[in-house]
Amino acid sequence: MFKRNLGYKIVSLILAVLFWLWVNNQTSVQGIYGDQTLTIPLVLRNQPSNIMVMTKLPEIHVRLKGTNPNINVKDLFAYIDLAGSAPGKHNFDVRMDPQPQIRILDLEPSTVTLQLDSVQEKVLPVQVDLTGAPAEGYQAGQPVVKPVSVNVRGPGTILSELNKALVEVSLTGKKDTVVTSSPVLFRDKKGNPVYGPDPSVEVLSASPSSVDVVVPIQPQGLDSKDIPIHALAQGSPGGGMILGSVVSIPGDVQVFGTAEALRGFDALKVGPVDVSGLTADKSFPIPSDKITLPQGVSFAAPTTFNVLAQILPGPVEKTVSNVVVRVRNLSAGVEQAQAIPPISVTLKGLPDALKNATAAQIQLWVDAGGLAPGNYPGTRVYWQLPPGVEMVGTPKVTLSLKAHAS
């Protein structure tokens, strides 16, 4: 049994030993012995969150003397301390942590000049860059991008030169509407990608980092048109609430059709949505395939309309006391016999309009035009009220007039 295939067994044993030696050599510590010169990476320490380094870090050559077999040279590095640094060009000392039984003889370079920039944020509009052409006989409509802008974070000197963010969408050979999520890209004024000092490290970041893009693809010969959306509602809210507004999101939509079919199609009605019994705002999703369009008209791309019904508190009443009543248009030779006492009035309106309604904001008066001296009980009171407020009932007072004393 031991002699069978003896040659193969010997070769297998030798290969296993060699593999063990190779693995052991890969994981062993490469220590420091005597006088050595090594190339080590340069790293940053204590970098402020609002500072970005715009210079590529060089490698550092270090000359060491001493013996310590327990130090792995792969773990050695030099560093620059950026604590308290500010934007601009600065010189920094290159440092290295001390190592047991090892003396650092020389660091080359010992100082490094770095260009520092402040980290800033900027909101940029998103532009869609369409590449390629649809299939023969088809055409692309106006792209729709959501969101239409992104928040970009990066070095101030680079951000100041940017006025837009880009997404690229390929239309090559397309026959159907393109719906995709594309990453946000940045280009300089010459159209080249924007890089920092190290091309492998991105210096600009967008939030969100990708956007949704819809590019309608339709047969050639069709016109397109953007039309507003009118949202409709039916029913009455409950709990003393009222319908404040009903709006569609989005507020307009792109449609395709022949010129004749689009003629006169100036608005799209969506709904009605039922708000019966609602006591709070509610959003109603309505897919585009549930909406009837005129013959020969189609949506540029499938979408869902969200009809938002805003539910507000209904009108309430409020009594305001000590409101002064004045007299206007007294006839010649006639004057008030006595002042009209302040009265209380009841107002009606929405809570926001009523909460600031005070006696000083309410103007009340009676019209004495053409009246002779005497008492006039039940005289009608006229008023001027704050916006959004109405009077409950018609206040009346007693007006007393007398002849003007000569």
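Residues numbered from 1 in each chain as written. Predicted model: local features only at pLDDT ≥ 70, side-chain atom pairs only at ≥ 80, totals over all residues. Heavy atoms only, no water.

(A) Seen up close, the confidence of the model for the chain. With 93% of its residues at a pLDDT of at least 70, the chain reaches an overall mean of 88. Taken element by element, the chain is modelled with least confidence in helix H1 (residues 6-27), mean pLDDT 63, and with most confidence in strand S5 (residues 78-81), mean pLDDT 96. (pLDDT = per-residue confidence, 0-100. Helix = DSSP H or I, 4+ residues; strand = E, 2+ residues; numbered from the N terminus.)

(B) A look at the sheet that holds strand S15 (residues 210-215). With antiparallel pairing, the 3 strands of this open sheet are ordered in space as S10-S15-S13. The open sheet is flanked by strand S10 (144-146) and strand S13 (178-183), the only strands paired with a single partner. Strand-to-strand, the axes of this sheet are offset by a mean angle of 25°, without reference to chain direction. In this sheet, S15 lies alongside S10 in antiparallel orientation, the contact comprising 3 bridges. Residue pairing for S15: lysine 146 is matched across the bridge by aspartate 212. (Pairing = 2+ DSSP bridges. Axes fitted to C-alpha atoms, helices over the stretch in contact; angles between N-to-C directions.)

(C) Quick peek at the packing of aromatic side chains. In total, this model carries 2 aromatic pairs according to the counting rule given. Centre to centre, the rings of phenylalanine 299 and phenylalanine 305 are 5.7 Å apart; their planes meet at 50°, and the pair counts as tilted. Residue phenylalanine 299 is classed as buried on the basis of its relative accessible area of 12%. Across from the ring centre of tyrosine 79, 3.9 Å away, lies the NZ or CZ of arginine 45, which sits over that ring. (Phe/Tyr/Trp six-rings, centres within 6.5 Å; stacked < 30°, edge-to-face > 60°. Buried < 20%, exposed > 50% of the residue type's maximum accessible area, 1.4 Å probe, protein only. Lys NZ or Arg CZ within 6 Å of the ring centre and 35° of its normal.)

(D) Examining the nonpolar core more closely. Ranked by internal contacts, the top residues of the largest apolar core, which has 26 residues, are Val150, Val152, Val184, Phe186, Leu204, Val211 and Val213. Listed by contribution, the elements that provide at least two residues to this core are strand S8 (111-131), strand S11 (149-155), helix H2 (156-159), strand S12 (165-170) and S15. Ignoring sequence-local partners within four residues, the contact set of phenylalanine 186 consists of Leu124, Val152, Leu162, Ala165, Asn192, Pro193, Val194, Leu204 and Ala206. (Core = buried A, V, L, I, M, F, W, Y, C linked by side-chain atoms within 4.5 Å. Contact = heavy atoms within 4.5 Å.)

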